[in-house]
Amino acid sequence: MVARDFIRIDPGYVIFDRARQEVMARATPQLAAAGVRLIGRYGAWTYSYMERAILDGIEAAEALSRGA
């Protein structure tokens with residue numbers, strides 16, 4: 001199943017707090033096991049540049065087209 005939802009937000013940067021690393025270490029494998037791909041600045045909650053976000057999207061599209 002593919003779902004999508006989006007909202008327009010002003011450009012910005014992810015702000016890390018002290019809990020981020022621990023939360024991401026727990027959440028990432030659980031989400032991956034559920035088939036959720038974390039991509040882009042806000043999806044992966046990481047500092048990234050526009051080109052990285054585009055590459056994340058391309059890689060996700062390629063994986064989906066392979067059925068991975």
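### Observations concerning helix H1 (residues 20–33)
Look at H1: 20 Å from first C-alpha to last across 14 residues, which is about the 20 Å you get at 1.5 Å a residue. The largest bend along H1 reaches roughly 25 degrees and is located at Ala 27, with the proline Pro 29 sitting one to four residues downstream. Two residues or fewer after H1 comes Gly 35, characterised by a positive phi angle close to 85 degrees.

### Observations concerning the pattern of salt bridges
Applying the stated rule across the entire model yields 3 salt bridges. Linking Glu 22 and Arg 26 is a salt bridge whose minimum nitrogen-to-oxygen distance equals 3.0 Å. Of the two residues, Glu 22 and Arg 26 are both situated in helix H1; the distance of 4 residues between them amounts to about one turn of the helix. Overall, the relative accessible area of 54% leaves Glu 22 in the exposed class. Note that Arg 52 is salt-bridged to Glu 59, the shortest N-O span being 3.2 Å.

### Details of the packing of aromatic side chains
All chains considered together, the criterion is met by 1 aromatic pair. Each ring, one from Tyr 42 and one from Trp 45, has its centre 5.8 Å from the other, and the planes form 55 degrees; the classification is tilted. Owing to a relative accessible area of 37%, Tyr 42 belongs among the partly exposed residues under this scheme. Arg 20 extends its terminal NZ or CZ atom over the ring of Phe 16, reaching a point 4.2 Å from the ring centre.

### Quick look at a nonpolar patch on the surface
A contiguous nonpolar surface patch, about 790 Å² in accessible area, is contributed by Ile 7, Ile 9, Tyr 13, Phe 16, Tyr 42, Trp 45 and Tyr 47. Overall, the relative accessible area of 53% leaves Tyr 47 in the exposed class.

### Concerning the confidence of the model for the chain
With 96% of its residues at a pLDDT of 70 or more, the chain shows a mean pLDDT of 85. Per-element confidence in the chain ranges from a low mean pLDDT of 81 for helix H2 (residues 40–43) to a high of 93 for H1.

### Details of helix H3 (residues 50–65)
In a regular helix each residue adds 1.5 Å, so 16 residues correspond to 22 Å; H3 covers 23 Å between its end C-alpha atoms and thus fits that length. Close packing links the buried residues of H3 with H2. Within two residues after H3, Gly 67 carries a phi angle of roughly 80 degrees, on the positive side.

Reading guide: rules and limits
- Every chain is numbered independently, its residues counted from 1 as its sequence is written.
- In keeping with the model being predicted, local features are shown solely for residues with a pLDDT of at least 70 and side-chain atom pairs are shown and tallied solely at 80 or more, while totals for entire chains, interfaces and linings include all residues.
- To obtain the side-chain values, all non-hydrogen atoms of the structure were used and water was disregarded.
- Counting from the N terminus, the helices are DSSP H or I runs at least four residues long and the strands are E runs at least two residues long.
- Here a helix's expected span is defined as the number of its residues, less one, multiplied by 1.5 Å.
- Fitting axes to the seven residues that end at a residue and to the seven that start at it, the angle between those axes gives the bend at that residue.
- Each reported salt bridge corresponds to a side-chain nitrogen of Lys or Arg within 4 Å of a carboxyl oxygen of Asp or Glu.
- For each residue, the accessible area found with a 1.4 Å probe, counting protein chains only, is set against the maximum for its type, and the residue is called buried under 20%, exposed over 50%, and partly exposed in between.
- Only rings of Phe, Tyr and Trp enter the pairing, Trp through its six-membered ring, and a pair is recorded when the two centres are within 6.5 Å. The plane angle decides the type: under 30 degrees is stacked, over 60 is edge-to-face, the rest tilted.
- A ring has a charge above it when a Lys NZ or an Arg CZ is no more than 6 Å from the ring centre and no more than 35 degrees off the ring normal.
- Two distance rules govern patches: like charges are joined within 9 Å, and nonpolar side chains (Val, Leu, Ile, Met, Phe, Trp, Tyr) within 5 Å, applied only to residues with over 30% relative accessible area and no salt bridge.
- Calculation of accessible area relied on Shrake-Rupley with a 1.4 Å probe; when residues are assessed, cover is drawn exclusively from the protein chains displayed.
- Note on scores: pLDDT gives the predictor's confidence for each residue, bounded by 0 and 100.
- A contact between two residues is defined here by any heavy atoms of the two lying within 4.5 Å.

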